[in-house]
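# Observations on the three-dimensional arrangement
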Amino acid sequence: MAGRLAQLAGWAIPGTRGRVVGRTPAASPAVSAPAEPTPGRLSRASVDEPVRPIRRGRRAPSAHDSGRASRTDPDFYPPAIGPNALAGQTLELTRRRVRYLVDNNPIVAGARGVIRHNVVGTGIRLQPDTGDPELDQRVDTWWRRLCEGVDVGREQTLGESQAQFFDEIFAAGEVLVYYPIATDGRGKDRPAIELVDAERVPLSGTIRVADGHRMRQGVEFDAQGRRVAYYVLTDHPNDDATAFAGYGLRNAKRIDAGDARLAFVSRRVGQIRGVPPVATVVGTVRLEDAFQEAYLLLARAAACVALFFKNGAKSDAPLMGADHESPVIDAATGDPLEVLEPGMMGLLPKDVEPELMSANLPPPSFEMTTRIMLRRIAAGLSISYAALARDYSEATFSATRAEQLEDRKAYRPLQELVFHQHTRPFYRRALAWAVASGEIVLGSAQRARMLADPERFYQCRPVFPGWEWVNPHQEAQAAEVELRTRMVSLPTLAASKGRDWKTEMDLTLEAEQHWDKRRAELGLAPAPFHASASDAGASDPDAGRDDDAGNTKPDGEEAD
């Protein structure tokens, strides 16, 4: 055994820079090392020549150099943690911070308003598409009446509920949409929409569930990993009446997943709970807020007009000593002055010279630093800098148009989220309830088609809020060409403007009838109701052209 230990004492571990494990090189036995040690195994250390430290050579370029550790990034070691474990550790604090910023920070509050206005606007409408035009019209009339009050108290319109749904997604990252059966003002039971904020779905806590099921972060899963139920606290955990230790899942009720859905934007595979989109810019927002506060304090101090008079007496008190005494005396009250105020006048001792603060404001880098931080915030929220800061002072017409088009690409997925996670499930449940309760009476053929193809019966088309044209003349001409060449349909074009094509067509026909009637009453000859966009610009082929300087007049003419 001793011989075996002595033999092992002369072995070195590769990668230890020539250090011999267990013995020094001078005391090691003279054993010749193999020519090529086997990688990954112990190799003999030769004592034929002194052991020199192995120099670390330059590392060869790697396809993943971002994973190489160096002394330049000692603090950049993110933890290897999954999305659900991370949510259990930091999601609650993240939500509190984001909600505070939404309520108190003008940049974040303004960003929410901009995105909500473009995503929801006055409301995302839908058109029934049962396959029967007559039934579609009756369902549409019933649906419009139902949308006047969709919450449990029948006080919130569908558009208001959609706006609140988006606000919760923006501030909390998720919202539980519950579809209970509630009695309306006329005593009829109808489906309703109840929005449950994320704080009422606890992230921690345990409760016994059915065999084969498991519960994680307030969500119950079956053996196949499908969501089968949610656990919702009966009261808000942060209210004064319930904010005490131990308030957990024992005060929660179980809601079947068929009657509710937890809506959020999934950022990682297997994510259970939602993360606020503002979470990526919280640090930058705080830095920008602190920077603005420091500048405002500096500007306030520099704006104070102070007059100092020497009273001829000497003072032994320090400027700001341990006893917090000041040699500057208020000329009006005689009290020590420690805070600068506008219009302040003070008396100085004979041996004290005043130092006035320079009013060189703003600092040269103030504007640039502010814009850099706002651009970072805008990039994190997927909106343009001009839309976030409301600053169009240096934007050209072409740049503004490009920014708006890019912003709209980011708004579309959010509109789809509101429609698919909030409005369409409510429409399907409400329509099924209306048919079962007799509010919508189906004919025999209509009922047979519904039973044969229920999915087709409950289909509907969204009508998202549209956006005004950036360059109306050119875009109207392009729309006319697309319609004439059948590249786009009238319903699609109307939907892009946030309008119902059938309603617009009926209004147009009604206006044309009134036009012809009034001209006949006045004895005027019939005339076209309106001219096409191409006819309007036929006399001026360069009309509406724009350049990078915002000039929308023909070439050779300057903008006024």
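Predicted, not measured: the structure shown is a model, and the values here were computed from it. (Residues numbered from 1 in each chain as written. Predicted model: local features only at pLDDT ≥ 70, side-chain atom pairs only at ≥ 80, totals over all residues. Heavy atoms only, no water.)

This part covers the environment of Glu 406. Along the polypeptide, Glu 406 turns up in helix H9 (residues 397-437). Along the primary structure Glu 406 and Ser 382 are separated by 24 residues, whereas in three dimensions their C-alpha atoms are 9.0 Å apart. (Helix = DSSP H or I, 4+ residues; strand = E, 2+ residues; numbered from the N terminus.)

Bringing helix H12 (residues 472-484) into the picture now. With 13 residues, H12 ought to run about 18 Å at 1.5 Å a step, and its terminal C-alpha atoms sit 18 Å apart, in line with that. Taken together, the buried positions of H12 are occupied by Glu 475, Ala 476 and Ala 479. Seen along its axis, H12 keeps its buried residues to an arc of 105 degrees; they face one direction. Directly beyond the C-terminal end of H12, a positive phi value near 65 degrees is found at Arg 486. (Expected span 1.5 Å × (residues − 1). Buried < 20%, exposed > 50% of the residue type's maximum accessible area, 1.4 Å probe, protein only. Arc of directions from axis to C-beta.)

Turning to the pattern of salt bridges, a few remarks are in order. Within the structure shown, the criterion is met by 20 salt bridges. Of the charged contacts in the structure, one is a salt bridge between Arg 429 and Asp 259, with a shortest N-O distance of 3.2 Å. Of this pair, Arg 429 sits in helix H9 while Asp 259 sits in the loop between strand E11 (252-256) and strand E12 (260-264), placing them 170 residues apart in sequence. Judged by relative accessible area, which is 27%, Arg 429 ranks as partly exposed. Residue class for Asp 259 comes out partly exposed when judged on its relative accessible area of 29%. One network of salt bridges, in which partners are shared, links Arg 95, Glu 174 and Arg 273. (Salt bridge = Lys/Arg side-chain N within 4 Å of Asp/Glu carboxyl O.)

As summarised here, the arrangement of the four strands in space is E8-E9-E10-E11, forming an open sheet in which the pairing is antiparallel. Each end of this open sheet is capped by a strand with a single partner; those strands are strand E8 (214-216) and E11. Taking each pair of neighbouring strands and ignoring which way they run, the sheet shows an average axis angle of 30 degrees. Pairing of strand E9 (residues 219-221) with strand E10 (residues 227-233) involves three bridges; the strand directions are antiparallel. When the sheet's bridge partners are listed, Glu 220 is paired in E10 with Ala 229. (Pairing = 2+ DSSP bridges. Axes fitted to C-alpha atoms, helices over the stretch in contact; angles between N-to-C directions.)

This brings us to the confidence of the model for the chain. On average, the chain scores 77 in pLDDT, and the residues at 70 or more come to 71%. In the predicted structure, residues 536-545 sits below a pLDDT of 50 and forms 14 contacts with residues beyond four places in sequence or in another chain. Across residues 552-560 the pLDDT falls below 50, and counting only partners more than four positions away or on other chains, this stretch makes twelve contacts in the model. (pLDDT = per-residue confidence, 0-100. Contact = heavy atoms within 4.5 Å.)

Buried together is how nonpolar side chains tend to be arranged in soluble globular proteins. Membership of the largest hydrophobic core comes to 61 residues, with the highest contact counts inside it found for Trp 142, Trp 143, Ile 377, Ile 383, Leu 431, Ile 440 and Phe 457. When residues in this core are grouped by element, the largest group, ten residues, is from H9. Listed in part, the 13 residues of the second largest apolar core include Tyr 178, Val 201, Val 219 and Phe 221. (Core = buried A, V, L, I, M, F, W, Y, C linked by side-chain atoms within 4.5 Å.)

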